[in-house]
Amino acid sequence: MAYLQTDVTKVTTKVLQNMKLHGEKIAMLTAYDYSMAQLINRTKIDVVLVGDSAANVMEGYQTTLPITLDEMIVYASSVTRAISRALVVVDMPFGTYQGNSKQALASAIRIMKETGADAVKLEGGEEVLESIQRILSAGIPVMGHLGLTPQSINKFGTYAVRATEPDEAQRLLHDAHVLQHAGCFALVLEKIPAALAATISSEIKIPIIGIGAGPHVDGQVLVLQDMLGITQQFKPRYLRLYGTFGDDISSAIQQYVSDVKTSNFPNEKEQY
Ligand code: KIV
């Protein structure tokens, strides 16, 4: 099928909605820094997510809970300085929107004002509805995130597949309707059965972006460093490797170390 939206100079929430309408898949990746974002910007990626997975990938934490709003703002503004075409979405970190919708709005406004991003993403369903409504009331686009929501890892106790039982699947479908009705422009579904994701995707009119949610959704998202083979300990079944850059980077660095130690670097042409 022809790529109908390829020629747009800036991806907006409306463009994503059109893509869903025309059955054109949405490609989304994470980014946290200017150099990687510049490489991404040379492609036709549709959405760049400044994910709170930065806590794991950039900062080495076991969970996403410790990352702060100030840190997310530094990562996000580095990314927006490099991205011209893709829609840039920024994760609201743990503790900046749950349970207090005024704080949620203040956090979202900081993200929008200080980073130049296009939208925010937050995790959860009906329990964060008031926060979502308040953020939307300020004209800030919100992407929802259901299924495995890593900020709730201490409640789940595991990163295993979610919604495998009928009652949780039913709740997830209900939450997807609640978020759509509230006005979210898209939803991420993480690590749920492919059949459930397919049902949600056909029932829900806004774009559904999957990660570990099978092929019958409107788009896919992966963590950049995971798909490039840089973060090597993380190997979930859904992850496809598009490179072995972790090994390539280590070999290049080892070669540099050897060249320095053997006085092979710099040579005559590499000096003044
Ligand atoms: O933080 C993140 O990278 C995410 C994606 C996994 C969807 O939320």
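Remember, predicted model here, so these are calculated numbers, not experimental data. (Residues numbered from 1 in each chain as written. Predicted model: local features only at pLDDT ≥ 70, side-chain atom pairs only at ≥ 80, totals over all residues. Heavy atoms only, no water.)

Visitor: I'd like to hear about the site of the ligand, residue by residue, with values.
Guide: In the region of the ligand, the neighbouring residues are Thr 30, Leu 49, Gly 51, Asp 52, Ser 53, Asp 91, Lys 121, His 145, Val 188, Ile 211 and Val 223. For the ligand, an oxygen atom lies 2.5 Å from a polar atom in the side chain of Ser 53. A distance of 2.9 Å separates an oxygen atom of the ligand from a polar atom in the side chain of Lys 121. Here the ligand loses 95% of its free accessible area of 260 Å² to cover by the protein chains. (Near = heavy atom within 4 Å. Polar contact = N/O pair within 3.5 Å; in protein donor to acceptor, adjacent residues only side chain to side chain. Areas by Shrake-Rupley, 256 points an atom, 1.4 Å probe, with all protein chains shown as cover.)

Visitor: Talk me through the packing of helix H8 (residues 166–182) against helix H9 (residues 194–203); I want residue IDs and the actual numbers.
Guide: In the contact formed by H8 and H9, the axes pass within 11 Å of each other and the chain directions differ by 25 degrees. When the interaxial angle is binned, H8 and H9 end up roughly parallel. Once H8 is placed against H9, the crossing between them reads as right-handed. Between H8 and H9, the contacting residues are Ala 169, Leu 172, Leu 173, Ala 176 and His 177 on the first element and Leu 196, Ile 200 and Glu 203 on the second. Here the residues of the contact of H8 with H9 are counted per class, giving 6 nonpolar, 1 polar and 1 charged. (Axes fitted to C-alpha atoms, helices over the stretch in contact; angles between N-to-C directions. Helix = DSSP H or I, 4+ residues; strand = E, 2+ residues; numbered from the N terminus. Parallel < 35°, antiparallel > 145°, perpendicular 65-115°, else oblique. Left-handed = near helix turned anticlockwise from the far one by under 90°. Contact = heavy atoms within 4.5 Å. Nonpolar A, V, L, I, M, F, W, Y, C, P; charged D, E, K, R; others polar.)

Visitor: Before we move on, can you summarise the environment of Arg 42 with the specific residues and values?
Guide: Turning to its location among the elements, Arg 42 is positioned in the loop between helix H2 (34–41) and strand S2 (47–50). A residue is classified by how much of its surface remains accessible, and Arg 42, at 71% relative accessible area, is exposed. Along the chain, Arg 42 and Lys 20 lie 22 residues apart, while their C-alpha atoms are 23 Å from each other. (Buried < 20%, exposed > 50% of the residue type's maximum accessible area, 1.4 Å probe, protein only.)

Visitor: Tell me about the side chain of Thr 231, residues and numbers included.
Guide: Here Thr 231 lies in the loop between helix H10 (224–227) and helix H11 (245–261). Side-chain polar atoms of Thr 231 contact the side chain of Asp 226, separated by 2.3 Å. Not counting residues within four places of it along the chain, the set of residues in contact with Thr 231 comprises Val 57, Gln 225 and Asp 226.

Visitor: An account of the pattern of salt bridges is needed here, citing residue identities and associated values.
Guide: Using the criterion set out here, one finds 7 salt bridges in the structure. Between Asp 46 and Arg 85 there is a salt bridge whose closest N-O contact spans 3.8 Å. Here the residue Asp 46 occupies a position in the loop between H2 and S2, and Arg 85 occupies one in the loop between helix H4 (69–80) and strand S3 (87–91), the gap between them amounting to 39 residues. The closest approach of N and O atoms between Asp 91 and Lys 121, which form a salt bridge, is 2.8 Å. Of the two residues, Asp 91 is situated in strand S3 and Lys 121 in strand S4 (residues 119–123); the sequence distance between them amounts to 30 residues. Residue classification places Lys 121 among the buried positions, given a relative accessible area of 2%. When salt bridges that share partners are traced, they join Asp 70, Arg 110 and Glu 114 into one network. (Salt bridge = Lys/Arg side-chain N within 4 Å of Asp/Glu carboxyl O.)

Visitor: A description of the domain arrangement of the protein should follow, citing residues and the corresponding values.
Guide: According to the domain assignment, the protein contains domain 1 (13–241) and domain 2 (246–272). The C-alpha centroid of domain 2 is placed 39 Å from the C-alpha centroid of domain 1. (Domains from an automatic or database assignment.)

Visitor: Can you explain the pairing of S3? Please cite residues and give values.
Guide: A large share of S3 lies buried, amounting to 5 of its 5 residues. With burial as the criterion, each face of S3 is covered, one bearing Leu 87, Val 89 and Asp 91 and the other bearing Val 88 and Val 90. With 4 bridges joining them, S2 and S3 adopt parallel strand pairing. Residue Val 47 lies in a different strand from S3, and its bridge partner there is Leu 87. Since S3 and S4 lie parallel, the crossover through helix H5 (residues 101–115) that links them has a hand, and here it is right-handed. (Pairing = 2+ DSSP bridges. Right-handed = clockwise from strand over helix to strand, strands pointing away.)

Visitor: Tell me about a nonpolar patch on the surface, residues and numbers included.
Guide: A grouping of Phe 245, Ile 249, Ile 253, Tyr 256, Val 257, Val 260 and Phe 265 is seen on the molecular surface, where their side chains present a nonpolar patch of about 600 Å² in accessible area. Along the chain, Tyr 256 falls in helix H11. (Patch = residues over 30% accessible without salt bridge, like charges linked within 9 Å, V, L, I, M, F, W, Y side chains within 5 Å.)

Visitor: Lay out the nonpolar core with the relevant residues and their values.
Guide: Counting 62 residues, the largest nonpolar core has Ile 135, Leu 189, Ile 192 and Ile 200 as the members making the most contacts within it. Among the elements that make up this core, the one with the highest residue count is H4 (6 residues). (Core = buried A, V, L, I, M, F, W, Y, C linked by side-chain atoms within 4.5 Å.)

Visitor: Before we move on, can you summarise the side chain of Thr 96 with the specific residues and values?
Guide: Within the secondary structure, Thr 96 is located in the loop between S3 and H5. Assessed through its relative accessible area of 8%, Thr 96 is described here as buried. At 2.7 Å, the side chain of Thr 96 forms a polar contact with the backbone oxygen of Pro 93. Residue contacts for Thr 96: discarding those within four places in its chain leaves Leu 69, Gln 103, Ala 104 and Ser 107.

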